[in-house]
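Summary of the model geometry
Residues per chain are reported as follows:
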Amino acid sequence: MKLQNFDVSGSIELSSGDLRWDLHNFAEFDGLELLPGEDAVVMRWSVPSKPNPWGCRENEFKGMKLVFTDILFLHIGPRDNEMPMTEDGCVARILKVDPNIKGDEPYMREILHLDDSFRLVFQFQSGRIIEIESMTAELVPIT
């Protein structure tokens, strides 16, 4: 996968230029949309209107979306029913994983070296996992 204008800069954070996007402490996951006619998946986040909305004082955007194009793999796992529904909107961890290693546990498949062959895994506080592999991914700020 080619990350066109961002990178995973931490376990809960993306970076794009000089901006950080903390997806755990500040942002709320608004959902995932499959666009079959475009062979794309869009994930959306928003933040409340307040100072330092993304954990980055320079980042004043109200939301952002990740647009994955030319989808190769998409998996959405179950949530832990014991967790409150509010935990479905909070990212607990973002991982780059090796698509060639089989298994359900993303931590066992995490890659730490630079490679174009990976999937992104978004693990939520509720236990739900969204795993995506595509040819490209782009971060699009929303004003």
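1. A short note on the nonpolar core
Soluble globular proteins tend to bury their nonpolar side chains together. The biggest cluster of nonpolar side chains holds 31 residues, and the ones touching the most others in it are Leu14, Leu23, Trp45, Phe68 and Phe122. Every element with two or more residues in this core is listed here: β4 (19-22), β6 (40-46), β7 (63-76), β8 (91-97), β9 (119-124) and β10 (129-142). Contact partners of phenylalanine 68, with chain neighbours within four places excluded, come to Met1, Asp39, Ala40, Val41, Met43, Leu120, Phe122, Ile132, Ser134, Thr136 and Ala137.

2. What to know about the pairing of β9
Counting buried positions along β9 yields six of six residues, so the element is predominantly enclosed. Alternating positions in β9 separate into two faces, Arg119, Val121 and Gln123 on one and Leu120, Phe122 and Phe124 on the other, with burial throughout. In this structure, β8 lies alongside β9, joined through six bridges in antiparallel fashion. Its bridge partner lying in β9, valine 91 is registered against phenylalanine 124.

3. Comments concerning the sheet that holds strand β2 (residues 7-8)
Pairing within the open sheet is antiparallel, and its three strands lie in the order β2-β3-β4. The open sheet has two free edges, formed respectively by β2 and β4, since each of these has just one partner strand. With four bridges connecting them, strand β3 (residues 13-16) and β4 associate as antiparallel partners. Following the sheet pairing, serine 15 is matched in β4 by arginine 20.

4. Describing the pattern of salt bridges
On inspection of all chains with the given rule, the structure shows eight salt bridges. Close ionic contact of lysine 96 with aspartate 7 constitutes a salt bridge, the shortest N to O distance being 3.1 Å. In this pair, lysine 96 sits in strand β8 while aspartate 7 sits in strand β2, placing the two residues 89 residues apart along the sequence. On the accessibility criterion, lysine 96 (18% relative accessible area) is buried.

Cut-offs applied
Residue positions are given per chain, counted from 1 along the sequence in the order it is written. Note on the predicted model: pLDDT of at least 70 is required for a residue's local features to be given, and 80 or more for side-chain atom pairs to be given and counted; whole-chain, interface and lining totals, by contrast, use all residues. Excluded from the side-chain calculations are hydrogens and water; all other atoms, namely the structure's heavy atoms, are used. Residues grouped as a nonpolar core are buried Ala, Val, Leu, Ile, Met, Phe, Trp, Tyr and Cys residues, joined through side-chain atoms within 4.5 Å. When a residue's accessible area, from a 1.4 Å probe over protein chains only, is under 20% of the maximum for its type it is buried; when over 50% it is exposed; and in between it is partly exposed. We count a stretch as a helix when DSSP gives it H or I for four or more residues in a row; a strand needs E for two or more, and each element gets its number in order from the N terminus. Note on contacts: a residue pair qualifies if any of its non-hydrogen atoms lie within 4.5 Å across the two residues. Pairing between strands is defined by DSSP: at least two bridges between them are needed. We count a salt bridge whenever a side-chain nitrogen from Lys or Arg sits within 4 Å of a carboxyl oxygen from Asp or Glu.

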